[in-house]
Amino acid sequence: MTAPAAHDLIAAYFEQREPLGRFFRARLGAQADVEDLLQDLYLKVSAMEPDREVREPRAYLYRLASNLMMDRWRSGRRAAVRDGAWRLATHSAGATEDVDDAPSAEAVVAGRQRMALLTRALSDLPDKTSAIFRLHKFEGLSYAEVAARLGISRSSVEKHMMDALRHLTAKVSA
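In what follows, the accompanying structure is described. Only a predicted model underlies this, so the values are computations on that prediction, with no experimental measurement involved.

What counts, and where the lines are drawn
- Residues numbered from 1 in each chain as written.
- Predicted model: local features only at pLDDT ≥ 70, side-chain atom pairs only at ≥ 80, totals over all residues.
- Heavy atoms only, no water.
- Salt bridge = Lys/Arg side-chain N within 4 Å of Asp/Glu carboxyl O.
- Helix = DSSP H or I, 4+ residues; strand = E, 2+ residues; numbered from the N terminus.
- Buried < 20%, exposed > 50% of the residue type's maximum accessible area, 1.4 Å probe, protein only.
- Axes fitted to C-alpha atoms, helices over the stretch in contact; angles between N-to-C directions.
- Parallel < 35°, antiparallel > 145°, perpendicular 65-115°, else oblique.
- Left-handed = near helix turned anticlockwise from the far one by under 90°.
- Contact = heavy atoms within 4.5 Å.
- Nonpolar A, V, L, I, M, F, W, Y, C, P; charged D, E, K, R; others polar.
- Phe/Tyr/Trp six-rings, centres within 6.5 Å; stacked < 30°, edge-to-face > 60°.
- Expected span 1.5 Å × (residues − 1).

## Describing the pattern of salt bridges
And then number 1: According to the stated counting rule, one finds ten salt bridges in the structure shown.
And then number 2: Where E35 meets R17, a salt bridge forms, and the shortest distance between an N and an O atom there is 2.9 Å. Here E35, found in helix 2 (residues 34–46), pairs with R17, found in helix 1 (residues 4–28); they are 18 residues apart in sequence, far enough to count as distant. Across this residue pair, the class does not change: E35 and R17 are buried.

Shown next, in the form of structure tokens:
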């Protein structure tokens, strides 16, 4: 048998994608980056072991979605606490200037290297997939706007985006 559980869960993801988006928006507000959360959820689902048994795929997806929101919230809280403690420590130690938030030289070099990897990986994508990725990520168009501009369905945009994300993740993390 060839990975029915993972395929069922991915199929359930695509069936529930719109309701999951509403689920995120209802809890995080209109300002939240729902598309990023949906993509994170897809990456999590697609990376699951194929032989994992999931009896209720819909319920499992919503549990994963809740956990993703909680992880982001906790991460944000930890960062805020850490940054606040750092500012407090530097100001109480006699520092008269605020903390420099500029990245270190090493971080800049690492960022440039990662960007070069991403740029090369983007050039490997098929033209249509690359165009869809660029419209969504670089120009900030929603999936619906990309679909309207290119005269294709929203589900086609979603599939191209998932292909692009899968390809870029494989190239950058390799």
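## Examining the side chain of T129
And then number 1: Topologically, T129 is positioned in helix 5 (residues 127–138).
And then number 2: A relative accessible area of 5% places T129 in the buried class.

## Here we look at the packing of helix 4 (residues 105–124) against helix 7 (residues 154–173)
And then number 1: The N-to-C vectors of helix 4 and helix 7 enclose an angle of 135°; their axes lie 9 Å apart at closest approach. Relative to helix 7, helix 4 is oriented oblique. Note that helix 4 runs across helix 7; the crossing there is right-handed. Contacts from R114, L117, L118, A121, L122 and D124 of helix 4 reach helix 7 at H167, L168, K171 and V172.

## Quick look at the packing of helix 2 against helix 7
And then number 1: Contact geometry of helix 2 with helix 7 gives a least axis separation of 11 Å together with a crossing angle of 65°. Between helix 2 and helix 7 lies a crossing of right-handed hand. The segment helix 2 lies against helix 7, with E35, Q39 and Y42 engaging R154, M161, M162, L165 and R166.
And then number 2: Taken together, the residues that form the contact of helix 2 with helix 7 break down as four nonpolar, one polar and three charged.

## Section: the side chain of E158
And then number 1: With respect to the secondary-structure elements, E158 resides in helix 7.
And then number 2: Under the relative-accessibility criterion, E158 is labelled buried at 7%.
And then number 3: Residues in contact with E158, not counting those within four places in the same chain, are F14, R17, E18 and Y143.

## Digging into the packing of aromatic side chains
And then number 1: Applying the stated rule across the entire model yields six aromatic pairs.
And then number 2: When the ring of Y13 is compared with that of Y42, the centres are 5.3 Å apart and the planes differ by 55°; the resulting orientation is tilted. With Y13 in helix 1 and Y42 in helix 2, this pair connects stretches of sequence that are 29 residues apart.
And then number 3: With 6.0 Å between their ring centres and 85° between their planes, F133 and F138 make a pair best called edge-to-face.
And then number 4: Put simply, the rings of Y13, F14 and Y42 touch in pairs and so form one group of aromatic residues.

## Remarks on helix 7
And then number 1: Counted at 1.5 Å a residue, the expected span for helix 7 with its 20 residues is 28 Å, and the 28 Å between its end C-alpha atoms agrees.
And then number 2: All of the buried residues along helix 7 are V157, E158, H160, M161, M162, A164, L165, L168 and V172.

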